[in-house]
Amino acid sequence: MTTVTRTLSRNRAILFGYLLVVILAIAGEIVSSGFLRIDHIDELIITGGFIALVGVGQTFVILTGGVDLSIPWVLNTSAVFLTLWAKGDSARMAWIVPVLLLGAAGIGAINGIGVAFLRIPPIIMTLGMSSVVEGGLLLVTNGGSGQNAPGAAVYLATHRWGPLPVLAVLWLAVLIAATVILSATPFGRRLYATGLNRRVAAFAGVNIQQVTVTVYVISGVAAALAGIALAGYVGQSYLGMGDPYLFASVAAVAIGGTSILGGSGNFVGTTAGALALAVLAALLPILGLQPAALEIVYGCVILGAVTLSSARKGQQDRTD
Amino acid sequence: MTASVGAQPGASGRWRPPIRQAGAEMWARSRSADVRPAAAWVLTLILLFIYAGLQPGTLSTGSLGILAADTLALAVLGLGQGVVILTAGIDLSVGGVLALGTTIAATHFTGTGTTLLWSVVILAIGTAAGVINGVLVGRLRLQPFIVTLATWSIFDGIALYVLPVAGGSVPGGYANWINGSAGGIPNAIWVLIALVAVWLWFRRTRTARRIYAIGSDREAARIAGVRIVPTLVTAYAISGLCAAGAALFYAMLTASGDPTSGDGLILPSVAAVVIGGTSLFGGQGSFVGTVAGALTLTLLGDVIFAVHLASYWTVLADGLLLIAAVLAGTGLQALQARRTGGHS
């Protein structure tokens, strides 16, 4: 019993995240009956799935005390190249997907090397990289829009396996993998150690450079995967399709109770954050608000979450 | 930090005649002086001559006026960004404030009266936005990047409400002012000169010294009696005010408004500051360098255009230049620290 209460109190922020999802969902059902119909829940899960996919990378990066601002354009680049190369032929995805994931891993590795070895602040490194990737993509597409997504990508984003959308299964797999990596592997422990205190971690023998490069690689690969799925969901690719996912990924991490300073939090929390944002995004049009309101909501949610978490931390510091 | 090098006459324990003492101090100061803003101006001049070689007539007053006009919004944005970076912070919300400013300008500037009135409103909104950032960063001790990322999103959203798609218009006289001239010198160049003059005055104020102090060592500044919260609020308010001012010039240049105009200017605003030699870690830098940084970015775009490369190259080049400038800045600083025996 005591271990249960201890676990609960340690993960209060995450519980709060899930509570928020439930409250928002019930509010949705109240203002618009049918909000919690099974097909609408599917839609919520798919919307949340994209946020969760970019959120997993952002979670890993933020846990080390960094941030990845290059996610939107890595996502967009992967979506555009998928449609550009596949030309509607799903068979080609057998080589396109590995190439895209490898390319994104390379971009992530450069981010990580800049942060870990060249000591460039993460915001600056990933902001610069974002611009380089955006410029490169604009040059390739000449500013035009992409083409239609191949069938396999559409299947990934819209089909169901039994009662679950394929994307939900992917999300669940990512959730399990991320949770195991973070809580049950030596790499996970090194990652938290790096986020808590780089210097102490280095003294304790943690290869913080290796950890840092790895988390940015994970973030790049996750963004590319999200790009492939999103192209499938939308049915095509276009420039700017990644834009909402910078704010969304950071907001999901913040709602999930992960410390923006690094060192504490996990992807179980980010999953709650992604769900909460998906429900919010569905609620706004029902309340008669324009899509622009979503950006305002993202901003307020980030501010609210980090303010709460810093207040909680202050309280903990006093009681410890 | 720099001033203290020369301000310790007793350090060597040897008496010198006052005039030689002053000479020694100047020598010590020049040895430890920050060379980075000067390096930025050298880079600007090199690019200017390259561009002049490609595009004859570049060095005429009229062409330099156009260059200044193209740089104005970025330079003003960089002035504010630079002040925040001096405190070891960063202001991503300048993008949101700029976008909101241009949309208000494009929808509310109809005649002289409304233009004046709404200009004041835009500047007030920008300042208020900065105060909010400053309170959150200073009072609640939140991370500057997360606070300004959030407010960037909020102001982008509000801008979309004001004007959902790029468009609108501003009065012709307002848009044309930037191309005008006074006393044979283009207005845009006058504005740049005025901004540098304001900076040279501001740098000597107590507020500026406090901003530098917080950036070089926050804890030491606090112990020395610097009130951290009001100083940070002032720094972010200046940045908000500058972002709003940049919006006025941006609307002048494009004669319209755009709710997404700010997103593409956040990186250049940081890049102008960093190319200009301001340290991302705070406490060191000058707007004199930032002007060179902003001119460098504009000239880079001009050169890319002159050699008939796609304009998208500028987006790519800006990102590379930012990273290169950070590396060069850190490298120069390390080199200088070694030369002056560890001083700053």
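Keep in mind it's a predicted model, so treat the numbers as computed, not measured. (Residues numbered from 1 in each chain as written. Chains lettered and ligands numbered in written order. Predicted model: local features only at pLDDT ≥ 70, side-chain atom pairs only at ≥ 80, totals over all residues.)

Each helix and strand in chain B was counted, giving 15 helices and two strands. Expressed as a percentage of its 344 residues, the buried residues of chain B come to 50%. (Helix = DSSP H or I, 4+ residues; strand = E, 2+ residues; numbered from the N terminus. Buried ≥ 20, exposed ≤ 12 C-beta atoms within 10 Å, placed from the backbone.)

Here we take up the interface of chain B and chain A. If you look at the interface, chain B gives 34 residues, while chain A gives 38 residues. Contributing elements (two or more residues each) for the side of chain B that touches chain A: helix H7 (144-162), helix H13 (263-275) and helix H15 (312-339) of chain B. Per-element accounting of the side of chain B that touches chain A gives the leading share, 13 residues, to H7(B). Counted by class, the side of chain B that touches chain A contains 25 nonpolar, six polar and three charged residues. (Contact = placed C-beta atoms within 7 Å. Nonpolar A, V, L, I, M, F, W, Y, C, P; charged D, E, K, R; others polar.)

Residue and element names in this part refer to chain B. Helix length check: helix H3 (residues 36-54) (19 residues) gives 27 Å between terminal C-alpha atoms against 27 Å at 1.5 Å per residue, within 8%. Taken together, the buried positions of H3 are occupied by Arg36, Pro37, Ala40, Leu43, Thr44 and Tyr51. Viewed end-on, H3 has its buried residues packed into an arc of 115°, placing them on one side of the element. In this structure, H3 carries Val42, Ile46 and Gly53 as exposed residues pointing more than 90 degrees from its buried face. (Expected span 1.5 Å × (residues − 1). Arc of directions from axis to C-beta.)

So, about the environment of Thr110(B). All names here are of chain B. Positionally, Thr110 belongs in the loop between helix H5 (94-108) and helix H6 (112-138). Given 12 C-beta atoms within 10 Å, Thr110 falls into the exposed group. Taking C-alpha positions, Thr110 is 9.6 Å from Gly172, a pair spaced 62 residues apart along the chain.

So, on to the packing of H13(B) against helix H14 (residues 287-306) of chain B. Residue and element names in this part refer to chain B. With their axes 7 Å apart at the nearest point, H13 and H14 run at an angle of 125° to one another. If you check the angle between H13 and H14, you find them oblique. For the pair H13 and H14, the sense of crossing is right-handed. From H13, Pro268, Ala271, Ala272, Val273 and Ile275 reach across to H14, where they touch Thr290, Gly293, Ala294, Thr296 and Leu297. The residue inventory of the contact of H13 with H14, partitioned by class, reads seven nonpolar, three polar and no charged. (Axes fitted to C-alpha atoms, helices over the stretch in contact; angles between N-to-C directions. Parallel < 35°, antiparallel > 145°, perpendicular 65-115°, else oblique. Left-handed = near helix turned anticlockwise from the far one by under 90°.)

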